[in-house]
Amino acid sequence: MSTAAPDAAPGPLPLVVVPGMLCDHDLWSGVAFPAHHRVRQVALTRPDIGRQADDVLSAVPGPFVLVGLSLGAIVGFEVLRRAPGRVAGFCAMSTNAGAPRPEQYAAWRAMDGLIAEGRFEEVVERTLPGMFDVPDPPREPARRYRDMARRVGPVAARAQLAAQATRTDAQDTLRTVRCPVTVLYGTRDALCPPDFHRAIADAVPHARLTEVPGAGHLLPVQEPGPVATAVRDLVAAAEETRATPRTRPPLT
């Protein structure tokens, strides 16, 4: 696959949106993406980050705006490393740019073992409390998460766990990014706390760091309005940058 930056295609920039682990298209169902911009959703079914990045790059021709949550944003870091000229704007939410920690490797191995034993539902229930701002989330958001996880299913879940273990530290890549970047997080995200996002924003020149007070990990489920606003502003900045590529105005 060529990673060279092709000429900009006419018309509005497309959006490529990538969910987190055990999430699917319903993650974004409440988010009003900018009108007239084609939205392409990419599922995470490959067992390593590099092949997932290839799927993103194959989703649309030419430049695009990339929106990723959690593992989806981690895949986005790899997309930026491989093909920075393809990414016209990047929204990273509820995520971590660091390399996996020992306790994470252990947790992923344990979950993979449970799924291999036919205990996928147990894994879903174990992961559910970390998705929201409280351990016992309201019924409807919890139902949506369970339904997404069941549609993803055990085979793709095991591939996602394997992919997590192939992550690397993305800080060096982030320092080279020149497209508009928004870093979005919930102040009560237990999985990816605010410090993770401050580190990302500190590494990316001119990044916009935006917090959503009181929200947990699954921002598009809990707070689709702020997510839509952040993406709309990012797309506007990306379009402006594409129109005047030499100036590359920061997202402020």
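Located above this text is the structure these notes cover.
Each residue is numbered by its place in its chain's sequence as written, counting from 1. For this predicted model, a pLDDT threshold of at least 70 governs which residues receive local features, and a threshold of 80 or more governs which side-chain atom pairs are given and counted, while totals over whole chains, interfaces and linings are taken from all residues. Based on all heavy atoms of the structure, the side-chain values leave hydrogens and waters out of the count.

(A) Local environment of the packing of helix 3 (residues 102–116) against helix 4 (residues 120–127). Think of each axis as a best-fit line through the C-alpha atoms, taken over the contacting stretch in the case of a helix, with angles from 0 to 180 degrees between the N-to-C directions. Runs of H or I in DSSP of at least four residues are treated as helices and runs of E of at least two as strands, each being numbered from the N terminus. Running from N to C, helix 3 and helix 4 cross one another at 145°; their axes reach a closest spacing of 7 Å. Residues Met111, Leu114 and Ile115 of helix 3 form the contact with helix 4, whose own contacting residues are Phe120, Glu122, Val123, Arg126 and Thr127. Residue type decides the class: Asp, Glu, Lys and Arg count as charged, Ala, Val, Leu, Ile, Met, Phe, Trp, Tyr, Cys and Pro as nonpolar, and the leftover types, Gly among them, as polar. Each residue belonging to the contact of helix 3 with helix 4 can be placed in one class, and the counts come to five nonpolar, one polar and two charged. By the convention used here, residues are in contact when the closest approach between their heavy atoms is within 4.5 Å.

(B) Quick look at the pairing of strand 6 (residues 208–212). Strand pairing follows a simple DSSP-based rule, namely that at least 2 bridges must link the two strands. Pairing between strand 5 (residues 181–186) and strand 6: five bridges, direction parallel. Among the inter-strand pairings, Leu184 is bridged to a residue of strand 6, identified as Thr210. Handedness of the strand 5-helix 7 (residues 194–203)-strand 6 crossover: right-handed. If you view a crossover with the strands going away from you and the path from the first strand over the helix to the second runs clockwise, you call it right-handed.

(C) Structural detail: the packing of aromatic side chains. Working definition: rings of Phe, Tyr and Trp (its six-membered ring) pair if their centres are within 6.5 Å, and the pair is stacked with planes under 30 degrees apart, edge-to-face with planes over 60 apart, and tilted otherwise. Within the structure shown, the criterion is met by three aromatic pairs. Taking 6.1 Å as the distance between ring centres and 45° as the angle between the ring planes, the aromatic pair formed by Trp28 and Phe33 counts as tilted. Here the aromatic rings of Tyr105 and Trp108 are separated by 5.9 Å at their centres, their planes lie at 85°, and the arrangement is edge-to-face. Linking Tyr105 with Trp108, this pair stays in helix 3, spanning three residues, or about one helical turn. Trp108 sits in the buried class, given a relative accessible area of 9%. Three exposure classes are used, based on accessible area relative to the maximum for each residue type with a 1.4 Å probe and protein chains only: buried under 20%, partly exposed in between, and exposed over 50%.

(D) Representation of the environment of Phe196 within the structure. Structurally, the position occupied by Phe196 is in helix 7. Among all residues touching Phe196, those that are not within four sequence positions of it are Thr95, Asn96, Arg101 and Leu191.

(E) Inspection of the layout of surface pockets at higher detail. Definitions used for this entry: grid spacing 1 Å over protein atoms alone; cavity, a set of points where a 1.4 Å probe fits but cannot get out; pocket, an open set with protein on both sides within 12 Å along at least 5 of 7 lines; lining residue, one with an atom within 4 Å of a point. Grid points are joined across faces, edges and corners, and a volume is the space filled by probe spheres set on the points. Looking at the largest pocket, its volume works out to about 520 Å³. Of all elements in the fold, only helix 2 (71–82), helix 3 and helix 5 (139–164) reach the threshold of two or more residues within the lining of the largest pocket. Broken down by element, the residue count for the lining of the largest pocket peaks at five residues, all from helix 3. Across the lining of the largest pocket, the residue classes tally to 15 nonpolar, seven polar and three charged.

(F) Structural context of the pattern of salt bridges. Any carboxyl oxygen of Asp or Glu that lies within 4 Å of a side-chain nitrogen of Lys or Arg is treated as forming a salt bridge with it. Following the criterion strictly, the structure yields 22 salt bridges and no others. The closest approach of N and O atoms between Glu117 and Arg119, which form a salt bridge, is 2.9 Å. In the salt-bridge network here, residues are joined through shared partners; they are Glu121, Glu140, Arg143, Asp147 and Arg150.

(G) How the structure looks around unusual backbone geometry. At Leu22, a position not held by glycine, the phi torsion is positive, near 60°. On the secondary structure map, Leu22 appears in the loop between strand 1 (15–18) and strand 2 (39–41). Judged by its relative accessible area of 3%, Leu22 is buried. Phi angles above zero are rare outside glycine, and Ser94 is one such case at about 50°. Locating Ser94 in the fold gives a position in the loop between strand 4 (87–93) and helix 3. For Ser94, a relative accessible area of 0% puts it in the buried group.

(H) Expanded view of the state of the cysteines. Working definition: a disulfide is two cysteine sulfur atoms within 2.5 Å of each other. In this structure the tally under the stated criterion is zero disulfides. As a non-bridged cysteine, Cys23 has Cys192 as the owner of its nearest cysteine sulfur, 12 Å distant.

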